[in-house]
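Residues per chain are reported as follows:
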Protein chains: 4
Amino acid sequence: MTDSTKISSSSLNRIPAEILCAQDYETLAQRFIDPTHYAYISGGSGKDLTLDANRIAFARRSICPRLLRDVSKGSTALTLAGQPLPHPILLAPVAYQTLAHPLGELETARAAAALQSVMISSTLASNTLEDIAQQAGPQRWFQLYLQPQRKITLDLLRRAEAAGYTAIVLTLDASIQIPSQRALRAQFCMPQHCVAANLTGYEPAPTDTLSHNESRIFQGVMRHAPTQNDIEWLLTQTHLPVWFKGVLHPEDACLLQSLGAQGLVVSNHGGRTLDGAPASLTMLPAIRQAVGCDYPLLFDGGIRSGADIFKAIALGADAILIGRLQLYALSVAGALGVAHMIRTLHEELEATMALAGCATLHDIRATKLLRADDIS
Amino acid sequence: MTDSTKISSSSLNRIPAEILCAQDYETLAQRFIDPTHYAYISGGSGKDLTLDANRIAFARRSICPRLLRDVSKGSTALTLAGQPLPHPILLAPVAYQTLAHPLGELETARAAAALQSVMISSTLASNTLEDIAQQAGPQRWFQLYLQPQRKITLDLLRRAEAAGYTAIVLTLDASIQIPSQRALRAQFCMPQHCVAANLTGYEPAPTDTLSHNESRIFQGVMRHAPTQNDIEWLLTQTHLPVWFKGVLHPEDACLLQSLGAQGLVVSNHGGRTLDGAPASLTMLPAIRQAVGCDYPLLFDGGIRSGADIFKAIALGADAILIGRLQLYALSVAGALGVAHMIRTLHEELEATMALAGCATLHDIRATKLLRADDIS
Amino acid sequence: MTDSTKISSSSLNRIPAEILCAQDYETLAQRFIDPTHYAYISGGSGKDLTLDANRIAFARRSICPRLLRDVSKGSTALTLAGQPLPHPILLAPVAYQTLAHPLGELETARAAAALQSVMISSTLASNTLEDIAQQAGPQRWFQLYLQPQRKITLDLLRRAEAAGYTAIVLTLDASIQIPSQRALRAQFCMPQHCVAANLTGYEPAPTDTLSHNESRIFQGVMRHAPTQNDIEWLLTQTHLPVWFKGVLHPEDACLLQSLGAQGLVVSNHGGRTLDGAPASLTMLPAIRQAVGCDYPLLFDGGIRSGADIFKAIALGADAILIGRLQLYALSVAGALGVAHMIRTLHEELEATMALAGCATLHDIRATKLLRADDIS
Amino acid sequence: MTDSTKISSSSLNRIPAEILCAQDYETLAQRFIDPTHYAYISGGSGKDLTLDANRIAFARRSICPRLLRDVSKGSTALTLAGQPLPHPILLAPVAYQTLAHPLGELETARAAAALQSVMISSTLASNTLEDIAQQAGPQRWFQLYLQPQRKITLDLLRRAEAAGYTAIVLTLDASIQIPSQRALRAQFCMPQHCVAANLTGYEPAPTDTLSHNESRIFQGVMRHAPTQNDIEWLLTQTHLPVWFKGVLHPEDACLLQSLGAQGLVVSNHGGRTLDGAPASLTMLPAIRQAVGCDYPLLFDGGIRSGADIFKAIALGADAILIGRLQLYALSVAGALGVAHMIRTLHEELEATMALAGCATLHDIRATKLLRADDIS
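A quick note: this is a predicted structure, and the numbers were derived from the prediction, not measured. (Residues numbered from 1 in each chain as written. Chains lettered and ligands numbered in written order. Predicted model: local features only at pLDDT ≥ 70, side-chain atom pairs only at ≥ 80, totals over all residues. Heavy atoms only, no water.)

**Student:** Looking at this structure, how should I read the overall build of chain A?
**Tutor:** Each helix and strand in chain A was counted, giving 15 helices and 12 strands. In terms of C-alpha radius of gyration, chain A reaches 20 Å, essentially the compact-globule figure of 21 Å for 376 residues. Seen through its C-alpha atoms, chain A measures out along the principal axes to roughly 70 × 50 × 40 Å. Expressed as a percentage of the 376 residues in chain A, the buried residues total 64%. Across chain A, the fraction of contacts at a sequence separation of at least 24, relative to all contacts at a separation of at least 6, is 75%. By element, 52% of the accessible surface of chain A is carried by carbon and sulfur atoms, the whole surface being about 13900 Å². Between the centroid of the 30 positive side chains of chain A and the centroid of its 33 negative side chains there is a distance of 3 Å. (Helix = DSSP H or I, 4+ residues; strand = E, 2+ residues; numbered from the N terminus. Rg over C-alpha atoms; globule rule 2.2 N^0.38 Å. Buried < 20%, exposed > 50% of the residue type's maximum accessible area, 1.4 Å probe, protein only. Contact = heavy atoms within 4.5 Å. Areas by Shrake-Rupley, 256 points an atom, 1.4 Å probe, with all protein chains shown as cover. Lys, Arg positive; Asp, Glu negative; His and termini not counted. Charge placed at Lys NZ, Arg CZ, Asp CG, Glu CD.)

Pasting the structure below:
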């Protein structure tokens, strides 16, 4: 069931009737993705505590409908760091998309282009950034992981510039990825066809050796964790705006802002790093308050509906990233599925806005959410 | 199972012994209503978040019994906007009642008349307002949806006036109705025999066409959403008192009050519009505080017992509307069922009042509820 | 299975090995009591909301163990309204005890005498107060329901005085008893052998007739609800101290105190009256604060263990009443079971006191409980 | 299944592949320990309320990841009461370890020595303290229960000193141990081969006889409970530093500190004494605040992962004790299992520190945890 041909043949060229809302792709994808791959994609780290927290945080908020508001000129348009966008739905940098569909990121990129959604292409994509760029629309960003060797990092940066990517998103929170126990118990291993296409041409980094007293974590894995020095260096190496992804603490947000970040992505890596980290949504308001009301903030972590997008914007986000739903929709119907998923989310957001009396995203930001169990 | 004959024959002409309390109609109705229709009636919008919130909000409140209070002159009577009523139980404007019983609203109207309960007849009734008026008691109100063409709205108004309806209830919160996913998955579709009888004589509104850049929500569905202008217009077109239904936010309540509303119905449309909206009960106290203690406020959303009615009144309602229970009781035993359901609720309310030491509805309003998990 | 012979033969003359703690009688009793009777006994009113709340309130409190406290002179003794008692465990006035054991209250009374536990004999006992008095110890109290005719109330009072009862407990909170839906659905009806033995000699009260406009609740059932006038009258009719049972609100407590009550029983009738009333334990601290620290307060509602007794005393009770556990133990092993249940509770209380560093009940009252989810 | 040969043969000499995290030993041990023994080991007292509370308290806290922190010199080393330790993971004094493995504490001691973990040997070990000392590393402590006869207590102390134990841990909270109802229902009884090896040479204490009016608890079991006098005496009898274990209340902590304790172990005996006691973690912050920031505090109660260790240290602990996981790992693979369990916890702690930006345990102490459901 894991060979790509099989997945290919089962991917549809129409939207199944049972997709009633964007989140339905989550359920339906289980028919299109190998179970062990699904465990890997859907799982968080460890026992999924943070994965679950991301969803619970949304469920705890409610939106009060409003009456008689004029939304006849309503629109989800925004300007993000100077760029006009028709809606606030971006595609998160999800790695190894051939796990879900044989053409992987190429399909995703076509969907993003069709829906004018920013696609953020991953360093660990299973297609090269150059191939993805050919399918992508003008709004394509490149997600960067710092490599052990700066020359390789630099080469990736140059390639992204050459391929017309318009922004860099440096991920900071994934120095250690603690695998999902569900994935481990399902005995997930990456299939052979699924490689980090951007990196296959580079010679591997020399293996670090540890002395007896050194820690595999502190002196091993963390040796190459991004430092402030790395960031300062990176910012001198490119003319592209640089975003930083994986911010959860207001102090870290302020530091990155002061170093010259174009903006930040509030994220806990979809619950895939520190199991037991708070929900992204929980930390969002304090981060918005710390960076000021005009600073660009993106958000990911648990969004499954237009109402969720509304809530994230109400709590401080300018726009949001879609992670797992992207892969689920991709698995079901390729580019068509991803495009339909984005369009469905978009319309769910519009309906929520209309019912909440918000004609613009700015109106959302001025909306006070209620705790789901508030009783005055 | 969906043809009306079958439902008719299974509707009883006696009250089944298993009805021990008003809420039991909810369970029993499942034997009398086609499962897909039951899914449509019982469902809220989307994932039923608000539907569930409506019930949870009641469960979270408790009522402290009182001793030695003289309730020998106890009564549930009230004066609502100048009209004396023997009890605070009104029938909400539930559409398409032939889904539950072949005679639909005609049976409901007879029950309301017998129990001196205000019946609010829906624009989307499956009987005409004129036919319903013939069965109804003197306290009959007409629920109005603004129509795309003002001349049709006006015609409905004139017909309601002519048929002796004594108040108009304009529903404001249903510009977009997001269907229940349960109903969708049950593949509900309105049976052919079930039509909006009041509207069949009018020519359909011309179809709106959208340009490429227009939103199906903002420039489509919401084009005909009620505006302040519509309300001001409507209030000049009738001598009848006009209530507004679907209010959840205190600011909206104040606006409508200032525009000349006779009173308001605090409601989230039974959890059928914005899924994720707060419980009606959650918002009620703030709305009561906003409009002042003498302004007429009705309430619906989750009431299943006399204790629930007590709680809604304690938190600010003057009277309450019964929605789904109405259809459930109708399906079980027609007019007899609806009448019995109202009488049962009434007696449950009286018993709760007696145990809580309240001889009048005013006494209830002076009662402080406790959070169910309060620990001093 | 409901005939008394059968129950008799299955009642044990030894304590079963599976009784590891007092609460185990709750489970084990299901083997000794007819299921429909068990539903009646174990059920609360309506949907058991208050029944469950009584238990949850205990679970929400925790007791912090203490070290190095000298409890070598530890004792559970107390003086209750001037009477010395070896422990604070009283037997609540549970009606119709032949439901659980063919000899009913006679067995219970023998157990109470053996363990020096105050037995409160019910007006609705299935044995006469005179027969019960012959089995009971010197600490026997009589629970009184006001009868529609004062002369019968007075006769009951005189009989109780003549039979050596030393206090009267007037129950105030049961004007309306809403039956358990579980019991109703189990089609419970009182077996013929089970009668209110104290009342069989009196002529029944004349049936009240209601006019068309009168309420079955307000002008019917509540016609005979106790009033302040009734209480003032009763207090002039007996030299015995009078306790009042069924108090949940601090204002009612103060009123009864001012009228001359010997003391009060904080109680919601075991969750058998107003379904949705708060837990007795929830209301206890406010009542203790209202009546002052020296006024006698008893408590019932949800106690199943010595730790529960500790918690009730810590929150303001002087002593507690055991209701359902009494019947459960009675059903399992008659007088022996009830005695063992009391002794087990007593020892559980002692162990809790020892671990919490309390040598006396006064030490318990000085103990601050924690909310089970307190995090400082 | 309970004879030691059988357990021996099923204990592995390799780490099973399904152990993905330290907590997995909890599940896997069920294949290696007799079910009735497992019930005894895993159970708390009574209904496991406190056992569960210990785990819930951890789940309620979350840890916010941090970015760009330099942890390249990271280390888990600490100095505990003057002694340098490579990590804060100690082995709690778990009694009767031959329940889990035929060699019991001898295997555990070898693991502790290999991982430089302090082993705290129990008075109730199933091997003698002298035999354990031969397997143990230099950091071996002896857990002491005061014996009814001081001469035996003194002899145990002298033997511990002679065998090179470097500290005494006096357990104060186990005067009464209320057995787990799960263990009782599983009909657990200590197998014959499993004895308190340290105590077999002493003549048993004379049986206490109680007069009729004396309480089995207060004048019986508690007769030998530790008093302040006992502690003052003990502290004069040894040159070894003395820790006290079982502290939950800040006032008790201050008293013991003032009497000259080397340090304290915040503990509720793994939920095995007062069922309904608060979680150890709940009480930790108040105790830390009471004793000051430099006083040595150990912690046990519910730790199952490195993230849990992080949380305990953040809330005030200097180091932590592992209880049940110790036995579980012992049952699965003897010394190898225990060593692997410690190493796994250690690495989990390091990974948590790295992701939370903490290079040292002091950094952890400066970290503010969030409530898992905090919403700002």
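**Student:** How should the relation of the copies chain B and chain A be read in this particular structure?
**Tutor:** For the pair chain B and chain A, the relating rotation is 90°, the translation along its axis is 0.0 Å, and the fit reaches an RMSD of 0.0 Å. The transformation relating the two chain copies, once decomposed into turn and shift, fits a four-fold axis. (Least-squares fit on C-alpha atoms with pLDDT ≥ 70 in both.)

**Student:** Whenever I open this one, the interface of chain B and chain A confuses me. Can you help?
**Tutor:** For interface size, the figure often reported is the accessible area lost on association. On the chain A side, the residues contacting the 39 residues of chain B number 32 residues. Note on chain B versus chain A: buried area summed over both sides is about 3000 Å², and carbon and sulfur give 64% of it. The tally of links from chain B across to chain A stands at 4 salt bridges. A salt bridge links Arg66(A) to Asp252(B); its shortest N-O distance comes to 3.0 Å. Across the contact surface, chain B and chain A share 10 residue pairs in polar contact (both at pLDDT 80 or more). Put simply, the parts of the chain that give the side of chain B that touches chain A at least two residues each are α8 (181–185), α9 (216–220), α10 (228–237), β8 (242–247), α11 (250–259) and α12 (280–291) of chain B. The greatest single-element share of the side of chain B that touches chain A, amounting to 5 residues, is contributed by α11(B). Considered class by class, the residues forming the side of chain B that touches chain A number 20 nonpolar, 10 polar and 9 charged. (Buried area = accessible area lost by both parts, 1.4 Å probe. Salt bridge = Lys/Arg side-chain N within 4 Å of Asp/Glu carboxyl O. Polar contact = N/O pair within 3.5 Å; in protein donor to acceptor, adjacent residues only side chain to side chain. Nonpolar A, V, L, I, M, F, W, Y, C, P; charged D, E, K, R; others polar.)

**Student:** Mind showing me how you'd approach the interface of chain A and chain D here?
**Tutor:** Every contact between the two is made by 39 residues of chain A and, on the other side, 31 residues of chain D. Interface area for chain A against chain D, summed over the two sides, is near 3000 Å², with a carbon-plus-sulfur share of 65%. The three residues of chain A that bury the most area against chain D are Phe218(A), Asp252(A) and Leu274(A), which together make up 23% of that side's buried surface. Summed over the shared surface of chain A and chain D, the result is 4 salt bridges. Across the salt bridge formed by Glu347(D) and Arg216(A), the nearest N and O atoms sit 2.1 Å from each other.

**Student:** Could you clarify how one ought to interpret the pairing of strand β8 (residues 242–247) of chain C in this entry?
**Tutor:** On any regular strand, side chains alternate: one points to one face of the sheet, the next to the other face. Residues and elements named next belong to chain C. Within β8, 6 of the 6 residues are buried, leaving the element largely enclosed by the surrounding structure. Where strand β7 (residues 167–171) lies against β8, 4 bridges are found, and the strand directions are parallel. Its bridge partner lying in β8, Thr171 is registered against Lys245. Where β8 meets strand β9 (residues 263–266), 4 bridges bridge the pair, whose relative direction is parallel. Across the sheet, Trp243 pairs through a bridge with Gly263, a residue of β9. Tracing the backbone out of β8, into helix α11 (residues 250–259) and back to the parallel element β9 gives a crossover that is right-handed. (Pairing = 2+ DSSP bridges. Right-handed = clockwise from strand over helix to strand, strands pointing away.)

**Student:** I'm lost on the arrangement of the chains in this one. Help?
**Tutor:** Across the gap from chain A to chain C, with no contact made, the nearest C-alpha atoms are 17 Å apart. A gap remains between chain B and chain D, with no contact made and the closest C-alpha atoms lying 17 Å from each other.

**Student:** Could you clarify how one ought to interpret the environment of Val332(A) in this entry?
**Tutor:** Tracing the sequence through the fold places Val332(A) in helix α14 (residues 324–355). For the pair formed by Val332(A) and Arg14(A), sequence separation is 318 residues and the distance between their alpha carbons is 9.0 Å.

**Student:** Help me out: how do you make sense of helix α4 (residues 49–59) of chain A in this one?
**Tutor:** In an α-helix, one turn spans 3.6 residues; hence positions three or four apart end up facing the same way. Buried within α4(A) are the following residues: Thr50(A), Leu51(A), Ala53(A), Asn54(A), Ala57(A) and Phe58(A). Looking straight down α4(A), one finds that the buried residues subtend no more than 165° of arc, so they occupy a single side. (Arc of directions from axis to C-beta.)

**Student:** Hey, could you run me through the pattern of salt bridges in this one?
**Tutor:** Note that side chains of opposite charge can pair when their charged atoms are close. Summed over the entire model, instances satisfying the criterion amount to 64 salt bridges over all chains. Arg158(B) serves as the salt-bridge partner of Glu161(B), at 3.0 Å between the closest nitrogen and oxygen. Highlighted residues: Glu161(B) and Arg158(B), both in helix α7 (residues 150–162), separated by 3 residues, approximately one helical turn. Note on Arg158(B): relative accessible area 36%, which makes it partly exposed. The salt bridge involving Asp230(C) is made with Arg150(C); its shortest N-O contact spans 2.8 Å. In this pair, Asp230(C) is assigned in helix α10 (residues 228–237) and Arg150(C) in helix α7 (residues 150–162), connecting sequence segments 80 residues apart. Overlapping salt bridges bring together Arg66(A), Glu251(B) and Asp252(B) as one network.

**Student:** Just checking my understanding: could you explain the packing of helix α11 (residues 250–259) of chain D against helix α12 (residues 280–291) of chain D for this structure?
**Tutor:** In a packed pair of helices, the relevant descriptors are the angle between the two axes and the axis-to-axis distance. All names here are of chain D. Look at α11 against α12: their axes get within 8 Å of each other, and the N-to-C directions meet at 35°. Every pair of crossing elements has a handedness; the one defined by α11 and α12 is right-handed. Contacts from Pro250, Ala253, Cys254 and Gln257 of α11 reach α12 at Met283, Ala286, Ile287, Ala290 and Val291. Classifying every residue of the contact of α11 with α12 by side-chain character gives 8 nonpolar, 1 polar and no charged. (Axes fitted to C-alpha atoms, helices over the stretch in contact; angles between N-to-C directions. Left-handed = near helix turned anticlockwise from the far one by under 90°.)

**Student:** Explanation requested: the side chain of Gln149(C) in the structure shown.
**Tutor:** Residue and element names in this part refer to chain C. Within the secondary structure, Gln149 sits in the loop between β6 (140–144) and α7. On the basis of relative accessible area, Gln149 is assigned to the buried category, the value being 18%. If near-sequence neighbours (up to four positions away) are discounted, Gln149 is found in contact with Glu203, Pro204, Ala205 and Pro206.

**Student:** Would you mind showing me how to read the confidence of the model for chain A here?
**Tutor:** Residues and elements named next belong to chain A. Mean pLDDT over chain A works out to 93, with 96% of the residues at or above the 70 mark. Low confidence marks residues 1–9, where pLDDT is under 50. Its contacts with residues over four positions away, or in another chain, come to 16 contacts. For this predicted complex, the interface confidence comes out at an ipTM of 0.94, alongside a pTM of 0.95. (pLDDT = per-residue confidence, 0-100.)

**Student:** Sorry if this is basic, but what is going on with the packing of aromatic side chains here?
**Tutor:** Given two aromatic rings, their pairing is described by the distance between the two centres and the angle made by the two planes. The tally for this structure, following the rule as stated, stands at 20 aromatic pairs over all chains. Both rings, one in Trp141(B) and one in Trp243(B), keep their centres 5.0 Å apart while their planes meet at 25°; by these two values the pair is stacked. In this pair, Trp141(B) sits in strand β6 (residues 140–144) while Trp243(B) sits in strand β8, placing the two residues 102 residues apart along the sequence. With a centroid separation of 6.0 Å and 80° between ring planes, the pair formed by Phe58(C) and Phe299(C) is classed as edge-to-face. Of this pair, Phe58(C) sits in helix α4 (residues 49–59) while Phe299(C) is found in strand β10 (residues 297–299), placing the two residues 241 residues apart along the sequence. The ring centre of Trp233(C) lies 4.4 Å from the NZ or CZ of Arg150(C), which sits over that ring. (Phe/Tyr/Trp six-rings, centres within 6.5 Å; stacked < 30°, edge-to-face > 60°. Lys NZ or Arg CZ within 6 Å of the ring centre and 35° of its normal.)

**Student:** Please clarify how the environment of Leu369(C) should be interpreted in this entry.
**Tutor:** Residues and elements named next belong to chain C. By the secondary structure assignment, Leu369 is in the loop between α15 (361–365) and β12 (370–371). Taking the C-alpha atoms as reference points, Leu369 and Phe310, separated by 59 residues in sequence, lie 9.8 Å from one another. In this structure Leu369 touches Arg61, Ser62, Ile63, Phe310, Lys311, Ala314 and Leu315, once residues within four positions along its chain are discounted.

**Student:** Just to check I follow, could you spell out the pairing of strand β11 (residues 319–322) of chain D for this structure?
**Tutor:** Residue and element names in this part refer to chain D. Taking every second residue as pointing to the same face, both faces of β11 are buried, with Ala319 and Leu321 on one and Ile320 and Ile322 on the other. Pairing between strand β4 (residues 89–91) and β11: 3 bridges, direction parallel. Directly across from Ile89, in β11, lies its bridge partner Ile320. Looking at chain direction, strand β10 (residues 297–299) and β11 are connected through 2 bridges and run parallel. Looking across to β11, one finds that Phe299 is bridged to Ile320. In this fold, β10 hands off to helix α13 (residues 306–314), which returns the chain to β11; that crossover is right-handed.

**Student:** Before we go on, may I ask you to explain the environment of Pro35(A) in this structure?
**Tutor:** Assignment of secondary structure puts Pro35(A) in helix α3 (residues 35–42). Expressed as a C-alpha distance, the spacing of Pro35(A) and Ala186(A), which sit 151 residues apart in the sequence, is 7.9 Å.

**Student:** Quick question: what am I supposed to make of unusual backbone geometry here?
**Tutor:** Leave glycine aside and you will find that most residues have negative phi; peptide bonds, for their part, are mostly trans. Residues and elements named next belong to chain D. Phi angles above zero are rare outside glycine, and Leu68 is one such case at about 65°. In this fold, Leu68 is placed in the loop between β1 (61–62) and β2 (78–80). The buried category is assigned to Leu68, whose relative accessible area is 14%. In the Ramachandran plot, Gln187 falls in the positive-phi region, its phi being about 60° despite a non-glycine side chain. Here Gln187 is to be found in the loop between α8 (181–185) and α9 (216–220).

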